[in-house]
Amino acid sequence: MERVKVINRSGHALPAYETAQAVGLDVRAATTEPIVLGSLERAMVPTGLYFQIPEGYEIQVRPRSGLAAKHGVTVINSPGTIDPDYRGELKVLLVNLSNEPFVVEPGERVAQLVFARYERLAWQEAVVLDETQRGAGGFGSTGVK
């Protein structure tokens, strides 16, 4: 198991896996006052967490399904990527897609974090690409006709 150095200035416990097979760790709003998100408004919600992620890994910031389903609140740049060389505070960019205001309470679970490996690529410029059955078909091209 990889270890990630973390500074916790949130006033809350560190994010933890809630079940034995959970992939995401819920992260909380580190605010002293509620944040009101009006319809279609967005806000950067501080978490009070700072990471030193090992090289070859990233942390993905993903929406919490409960907030999305019950309130229409989601992470607008989902999934957000925290690069291993970033040392600033993790802030979650939330958006309210509902018609009703939503209040982010201090300590509320606002997103989930997923720790993932990544690989870097090298471009190989070409003039032509290998043919496939699908070809250039996109957006719905493999559906029932």
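Residues numbered from 1 in each chain as written. Predicted model: local features only at pLDDT ≥ 70, side-chain atom pairs only at ≥ 80, totals over all residues. Heavy atoms only, no water.

(A) Here's a closer look at the side chain of T74. In this structure, T74 sits in strand β6 (residues 73-75). In this structure T74 comes out as buried when scored by relative accessible area, which is 17%. With residues near it in sequence (within four places) discarded, T74 still touches P63, L93, L94, V95 and L97. (Helix = DSSP H or I, 4+ residues; strand = E, 2+ residues; numbered from the N terminus. Buried < 20%, exposed > 50% of the residue type's maximum accessible area, 1.4 Å probe, protein only. Contact = heavy atoms within 4.5 Å.)

(B) Expanded view of the nonpolar core. One finds V27, V61, V92, L94, V104, V110 and L113 to be the most contacted residues of the largest nonpolar core, which totals 25 residues. Of all the secondary-structure elements, those providing two or more residues to this core are β2 (25-28), β3 (35-37), β4 (42-52), β5 (57-62), β6, β8 (89-96), β9 (102-104) and β10 (109-117). Take this core: its biggest share by element is 4 residues, from β4. The contacts of V27, once residues within four sequence positions are left out, are P15, T47, L49, L90, V92, E108, R109, V110, A111, Q112 and L113. (Core = buried A, V, L, I, M, F, W, Y, C linked by side-chain atoms within 4.5 Å.)

(C) Examining the environment of T132 more closely. In this fold, T132 is placed in the segment after β10. Sequence separation between T132 and T81 is 51 residues; the distance between their C-alpha atoms is 31 Å. Polar side-chain contacts of T132 include one of 2.9 Å to the backbone nitrogen of G135. (Polar contact = N/O pair within 3.5 Å; in protein donor to acceptor, adjacent residues only side chain to side chain.)

(D) Main features of the sheet that holds β10. Spatially, the 4 strands line up as an open sheet ordered β2-β10-β5-β7, and their pairing is antiparallel. Edge positions in the sheet fall to β2 and β7 (80-82), since each of these pairs with one other strand and no more. This sheet shows a mean twist of 35° between the axes of neighbouring strands, independent of strand direction. Pairing analysis gives 4 bridges linking β2 to β10, with the strands arranged antiparallel. (Pairing = 2+ DSSP bridges. Axes fitted to C-alpha atoms, helices over the stretch in contact; angles between N-to-C directions.)

(E) Main features of the pairing of β5. The element β5 is largely enclosed, with a buried count of 5 among its 6 residues. Pairing geometry for β5 and β10, over 6 bridges, is antiparallel. Bridge pairing links I59 to F115 in β10. The pairing of β5 with β7 spans 3 bridges and is antiparallel. Along β7, the bridge assignment pairs Q60 with T81.

(F) Representation of unusual backbone geometry. In this structure, the amide linkage connecting S78 to the following residue, P79, adopts the cis form with an omega of -10°. Of note, P79 is situated in the loop between β6 and β7. One non-glycine residue, L40, lies in the positive phi region at around 65°. By secondary structure assignment, the location of L40 is in the loop between β3 and β4. Take L40: its relative accessible area is 61%, and that puts it in the exposed class.

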